[in-house]
Amino acid sequence: MAAAIELIAAPWNLGLRPPAPRRDPGTWRAPQALLSAGLEARLRPARVTELDRPPYEFDAQPATRIRNGVTIREHALRLGEAVQATLAASRFAVVLGGDCSILLGCLLGARRHGRCGLVHLDGHNDFRHPGNHDAGSSLGSAAGMDLALATGRGELLLTHWPVVGRPLVADEDVIQIGDREDEGAPPVTRFTAQEIQQIGIADLGRQVIRRLERRELDRVWLHLDLDVLDERVLPAVDSPGRPGLDFSQLTELVSTLASTGRVVGLDVAIYDPELDPDGAYAPPIVDCLASALTPLATVERHP
């Protein structure tokens, strides 16, 4: 691979609810699991940046109804700095999470270089916000709110950012792919899991690219929640489901988008090694990412 890639490990689980009382989720282990399964060797990055693992708190934090909200902001700012530095060096950022709340730091870093669209691959719409749920009855989990927060809906703590302000991305600049939920659909361009089954990956890729062209989006961030994969091929995620993509379809789609030169970086979220005790699913994830990003060796990206 070309030295244009930089890996950033963001080992956190702050945006997820506990899987059991007083037990924190295992997604923080994913970066090391993927690196150990050969991702660094396959991608041959120019640099690997490893961020600290933030502490997970089970109880509410002061002045927020979002679980670990204060800590998420603090570490999103740090992640944003790492992404910003990677893009400033003309490298392609690959952020290994972690849960979906890492999207906020990724977009923050990308936005420091100007307007940036979002292609949101996820088996869920992640659009929970105070307008469609009762924040007073339970703590919100940012992993299920990341698209709402990124588009400026929710507490200022996680919607208003230094330099960039609010929102991180406009509704019109978002494409959501793979949602299998029927309710609470966000007002963005959407391709549901059911629609993808009908039109196929090749046509999906063409339609997404046409949308990016119409919006004149030369810079796009790609969010990859691995639960966009069908639970029959990847059950080791926080909220598995079906229908979904298989690994070959996901590889084709990410490769198609990366080869346009418009994607400046991507984040990978929600793989939980604690749900994969034999490590059976890390190698196919690594193979998918490495195969999909091969075009970066020759692609000329937009400035």
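Here, the structure is the one placed above.
Residues numbered from 1 in each chain as written. Predicted model: local features only at pLDDT ≥ 70, side-chain atom pairs only at ≥ 80, totals over all residues. Heavy atoms only, no water.

Draft legend 1. Expanded view of the nonpolar core. One finds I177, L226, L250 and L293 to be the most contacted residues of the largest nonpolar core, which totals 56 residues. Top element by residues in this core is helix α8 (residues 282–292). It accounts for seven residues. The residues touching L226, leaving out its near neighbours within four places in the chain, are L234, V237, L250, V268, A269, Y271 and I285. In terms of nonpolar packing, the next biggest core, distinct from the first, is built from 38 residues, A10, I72, V83 and F127 among them. (Core = buried A, V, L, I, M, F, W, Y, C linked by side-chain atoms within 4.5 Å. Buried < 20%, exposed > 50% of the residue type's maximum accessible area, 1.4 Å probe, protein only. Helix = DSSP H or I, 4+ residues; strand = E, 2+ residues; numbered from the N terminus. Contact = heavy atoms within 4.5 Å.)

Draft legend 2. Here's a closer look at the packing of helix α7 (residues 247–258) against α8. One can describe the packing of α7 onto α8 by two numbers: an axis separation of 8 Å at closest approach and a directional angle of 30°. Viewed along their axes, α7 and α8 adopt a mutual orientation that is roughly parallel. Here α7 and α8 pass one another in a crossing that is right-handed. Contacts between α7 and α8 involve F247, L250, T251, V254, S255 and A258 on the former and, on the latter, P284, I285, C288, S291 and A292. Looking at the contact of α7 with α8, its residues break down into eight nonpolar, three polar and no charged. (Axes fitted to C-alpha atoms, helices over the stretch in contact; angles between N-to-C directions. Parallel < 35°, antiparallel > 145°, perpendicular 65-115°, else oblique. Left-handed = near helix turned anticlockwise from the far one by under 90°. Nonpolar A, V, L, I, M, F, W, Y, C, P; charged D, E, K, R; others polar.)

Draft legend 3. Spotlight on the sheet that holds strand β4 (residues 117–121). Pairing is parallel in the open sheet, where eight strands are placed in the order β2-β1-β3-β8-β7-β4-β5-β6. The sheet is open, and its two borders are formed by β2 (47–50) and β6 (189–191), each paired with just one other strand. On average, each strand axis in the sheet is inclined to that of its neighbour by 15°, with strand direction left out of account. In this structure, strand β1 (residues 5–10) lies alongside strand β3 (residues 92–97), joined through six bridges in parallel fashion. Each residue of the ladder has a partner; that of A9, found in β3, is L96. Across the sheet, helix α3 (residues 69–88) lies against β1, β3, β7 (220–225) and β8 (263–269), angled at about 175° from β1, the strand it touches most. Relative to β6, helix α6 (residues 193–214) is tilted by about 145°, and along the sheet it contacts β4, β5 (174–177), β6 and β7. (Pairing = 2+ DSSP bridges.)

Draft legend 4. Summary view of the environment of N13. Within the secondary structure, N13 is located in the loop between β1 and α1 (30–36). N13 gets classed as buried once you look at its relative accessible area, which sits at 0%. Here the alpha-carbon distance between N13 and L289, two residues 276 residues apart in the chain, equals 21 Å. Discounting chain neighbours no more than four positions away, the residues touching N13 are D24, P25, T27, W28, R53, Y56 and D99. A polar contact of 2.6 Å, which involves the side chain of N13, links it to the backbone oxygen of P25. (Polar contact = N/O pair within 3.5 Å; in protein donor to acceptor, adjacent residues only side chain to side chain.)

Draft legend 5. Spatial organisation of the pattern of salt bridges. Per the stated rule, a full pass over the model turns up 15 salt bridges. With its nearest N and O atoms 3.4 Å apart, the salt bridge here joins R22 to D59. Remark: D59 occurs in the loop between β2 and α3 and R22 occurs in the loop between β1 and α1; sequence separation between them is 37 residues. Residue class for R22 comes out exposed when judged on its relative accessible area of 56%. Between E74 and R78 there is a salt bridge, with its nearest N and O atoms 2.7 Å apart. Of the two residues, E74 and R78 both sit in helix α3, four residues apart, roughly one turn of that helix. Looking at R78, the relative accessible area reads 39%, which means it is partly exposed. One network of salt bridges, in which partners are shared, links R23, R29 and E274. (Salt bridge = Lys/Arg side-chain N within 4 Å of Asp/Glu carboxyl O.)

Draft legend 6. Fine view of the side chain of E6. Inspection of the secondary structure puts E6 in strand β1. Among the polar contacts listed, one links the side chain of E6 to the side chain of T49, at a separation of 3.1 Å. Apart from residues no more than four positions distant in its own chain, E6 is found in contact with P45, R47, T49, T86, R91, F92, A93 and V94.

Draft legend 7. Region of the structure containing the pairing of β3. With six of six residues buried, β3 is to be regarded as a mostly interior element. Here β3 shows two buried faces, one formed by F92, V94 and L96 and the other by A93, V95 and G97. Pairing geometry for β3 and β8, over four bridges, is parallel. Note on β8: the bridge partner recorded for A93 is G265.

Draft legend 8. Looking closely at the packing of aromatic side chains. Taken as a whole, this structure holds one aromatic pair when the rule is applied. Summarising the aromatic geometry, the rings of Y56 and F58 are spaced 5.2 Å apart at their centres and angled 70° between planes, so their arrangement reads as edge-to-face. Accessibility expressed as a relative area gives 11% for Y56, which makes it buried. Taking NZ or CZ as reference, R53 lies 3.7 Å from the ring centre of W28, over its face. Against the face of W161 rests R73, its NZ or CZ located 4.8 Å from the ring centre. (Phe/Tyr/Trp six-rings, centres within 6.5 Å; stacked < 30°, edge-to-face > 60°. Lys NZ or Arg CZ within 6 Å of the ring centre and 35° of its normal.)

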